[in-house]
Each structure stands twice: as C-alpha cells, then as structure tokens.
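One letter stands for each residue in the lines below.
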Amino acid sequence: MASALKNLSKHDSSKIPSAKGMRIALVVSEWNDEITYALRDGAIDTLAQYGAKEKNISVHYVPGSFELTAGAKWLADTKKYDAVICLGCVIQGETRHFDFICNAVAIGLTDLNTTYNIPFIFGVLTPENMQQAKARAGGKHGNKGVEAAVTAIKMVALKKSLT
Ligand code: DLZ
C-alpha cells in the first residue's frame, strides 16, 4: 500500500479553515461497523475541533458501502447541507465483489460531485485485511475519518471563497 509508512491524518491545523457555520452530513456504512464507526467518530471530532456546531453535524446510516451513493444523494436533495462525507470500509480479502463495490462508490460519488453544487467526500477504506483497516481507523496510520472531515472543510471553504 502506498500509505504503508505514513500517518495520513497528520495535518497542519493552522492551514485548515474554520468550520464555523458549516452544515455537514455524514453517511456511514454499517458493514464493518467496528471500522466505520471509528471513522465516523474521527470525522465528528475533527469537524468540532475546527468549529462546526454539534447541531450542524448530521449522521445517517446505510447498510453497506454500495448504498453510500444513494444515501448521499438523498441527503443532498434535502438542501440542508454544505457537504456530505461518505464513510465505508470494503475489505479486499473478505469480499468477492470488492472491485464492483469500490468502483460503484467511486463512480457514484464522482457523478454526484459533478452534478450537485456541494462536495461529496470519499471516505471509504479499501484495505487488504482487517489489520490494515484498523491501522487506518484510529491506529498507527491515523484515521481516514479525520482526513475526510478536513477535506470537507477545505472544499466548503473553497466554494464559499468563489461565490
Ligand atoms: C455484500 C458486501 C460484502 C461481501 N462486503 C462488504 C464490505 O466489505 N464492505 C461494505 O461496505 N459492504 C459490503 N457488502 C455490502 C454491500 O455494500 C451492499 O450493502 C450489498 O451488496 C447490498 O446492496
């Protein structure tokens, strides 16, 4: 894995915009919930750290990563949110249709990003095994949920700066 020696969650907090006033939805896959709930918690903590109010963070669940796209679309259709963070975990060694699920989510979220006027963040882990998943959900390689939250904040701030 390209990230083998990195803690991907390390970032310079002085370069992260304020999330004050931002309304962020999270859509979380229940499949591999030991991992995805850790991603969720990392994302929520990070949004709060940068100033998002608890009442402006809305968490929703879908059965598996394949359903992230539909969940994200329905949340966007409410027009209540500035960004939707999508969190999932598909484990290669345990999932015969790994490629189908990962491609479907990647294509689905790309479509949403180019169709809607808010960012949809791809926070889906695609590790080879559970050990690698844990390392990226609060373990030695950080927490991908933290990165997803930082990405959401940066994208919302970018859009605001352009309008
Ligand atoms: C069916 C399935 C399998 C085998 N593995 C995973 C997985 O590792 N991670 C995940 O998020 N979801 C998995 N799923 C469920 C699919 O995402 C989806 O929920 C079902 O195929 C029903 O559409």
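**What about the sheet that holds strand β2 (residues 57–62)?**
So, step 1. Strand order across the open sheet formed by 4 strands is β2-β1-β3-β4, with parallel pairing between neighbours. In the strand order of this sheet, the two ends are held by β2 and β4 (120–125), each with one partner. Averaged over all neighbouring strand pairs, the angle between strand axes comes to 15°, with direction disregarded.
So, step 2. In terms of strand pairing, strand β3 (residues 83–89) meets β4 through 6 bridges, oriented parallel. The residue of β4 that forms the bridge with Cys86 is Phe122.
So, step 3. Docked against the sheet, helix α1 (residues 33–49) engages β1 (24–29), β2, β3 and β4, running at close to 170° with respect to β1.
So, step 4. Along the sheet face, helix α2 (residues 68–77) touches β1, β2, β3 and β4 and points at about 160° away from the line of β1.

**Quick word on the packing of α2 against helix α3 (residues 98–115)**
So, step 1. With their axes 9 Å apart at the nearest point, α2 and α3 run at an angle of 20° to one another. Between α2 and α3, the angle falls in the class roughly parallel. Considering only the axes of α2 and α3, their crossing is right-handed. When α2 is examined against α3, the residues Leu68, Thr69, Ala72 and Lys73 are found in contact with a partner set consisting of Ala104, Val105, Gly108, Leu109 and Leu112.
So, step 2. Across the contact of α2 with α3, the residue classes break down as 6 nonpolar, 2 polar and 1 charged.

What counts and what doesn't
- Residues numbered from 1 in each chain as written.
- Predicted model: local features only at pLDDT ≥ 70, side-chain atom pairs only at ≥ 80, totals over all residues.
- Heavy atoms only, no water.
- Pairing = 2+ DSSP bridges.
- Helix = DSSP H or I, 4+ residues; strand = E, 2+ residues; numbered from the N terminus.
- Axes fitted to C-alpha atoms, helices over the stretch in contact; angles between N-to-C directions.
- Contact = heavy atoms within 4.5 Å.
- Parallel < 35°, antiparallel > 145°, perpendicular 65-115°, else oblique.
- Left-handed = near helix turned anticlockwise from the far one by under 90°.
- Nonpolar A, V, L, I, M, F, W, Y, C, P; charged D, E, K, R; others polar.

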